[in-house]
Amino acid sequence: PLTIGEETTLDLWATDANCLDTLRIEPALPADMPGSVPLPPGAMLHAPDADVTMMMAEGPAGAEQCVGVHRRMSWTPSYNHGGWEGEVCFAAVDSGGGCGGPGQR
């Protein structure tokens, strides 16, 4: 639950099996809520952590895996936000151009 006057943080993680793709996390508007906003009033989506973006790690079978990207959203609801209701959505987007990737048939 959120408490007025207290900061709430949300850690966002995303991974991509193709380490050659550039990966990012960004706000996404909920499709079923016309007129909504990507973040609550006064919320902040912090820059990605550079030290975890697209690092390589050893997988369970010894194969290389991408670790991914991390961002944090923080929000301190003020007293005038009491009763605010809304959905906050995020999307992980890679540079591969979708599920099939660019140039795949």
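The structure this text deals with has already been given above.
This section reports on the structure supplied with the text. (Residues numbered from 1 in each chain as written. Predicted model: local features only at pLDDT ≥ 70, side-chain atom pairs only at ≥ 80, totals over all residues. Heavy atoms only, no water.)

In terms of regular secondary structure, the protein chain is built from zero helices and seven strands. When the elements of the protein chain are put in sequence order from the N terminus, they spell out β-β-β-β-β-β-β. Evaluated residue by residue, the protein chain yields a buried proportion of 24% over its 105 residues. Of the contacts made within the protein chain by residues no fewer than 6 positions apart, 72% connect residues no fewer than 24 positions apart. Summing over all exposed atoms, the protein chain offers an accessible surface of approximately 7,100 Å²; the carbon and sulfur share of this is 55%. (Helix = DSSP H or I, 4+ residues; strand = E, 2+ residues; numbered from the N terminus. Buried < 20%, exposed > 50% of the residue type's maximum accessible area, 1.4 Å probe, protein only. Contact = heavy atoms within 4.5 Å. Areas by Shrake-Rupley, 256 points an atom, 1.4 Å probe, with all protein chains shown as cover.)

Before going further, it helps to examine the pairing of strand S6 (residues 69-75). Burial of S6 is extensive: six of the seven residues sit out of reach of the surface. Of the strand pairs in this sheet, strand S1 (residues 8-14) and S6 are connected by seven bridges, and their pairing is antiparallel. Bridged to aspartate 11 within S6 is arginine 72. Examined bridge by bridge, strand S3 (residues 44-45) and S6 share two bridges and lie antiparallel to one another. (Pairing = 2+ DSSP bridges.)

Turning next to the environment of valine 69. Looking at the secondary structure, you find valine 69 in strand S6. The class for valine 69 is buried, based on a relative accessible area of 1%. On a C-alpha basis, the gap between valine 69 and tryptophan 13 in space is 5.8 Å, while along the polypeptide they are 56 residues apart.

Moving on, we get to a nonpolar patch on the surface. A contiguous nonpolar patch, built from Val37, Trp84 and Val88 and spanning about 210 Å² of accessible area, is present on the exposed surface. Along the chain, the position of valine 37 falls in the loop between strand S2 (23-28) and S3. (Patch = residues over 30% accessible without salt bridge, like charges linked within 9 Å, V, L, I, M, F, W, Y side chains within 5 Å. Salt bridge = Lys/Arg side-chain N within 4 Å of Asp/Glu carboxyl O.)

Let us now look at the side chain of histidine 70. For histidine 70, the location among the structural elements is in strand S6. Separated by 2.8 Å, the side chains of histidine 70 and aspartate 11 make a polar contact. (Polar contact = N/O pair within 3.5 Å; in protein donor to acceptor, adjacent residues only side chain to side chain.)

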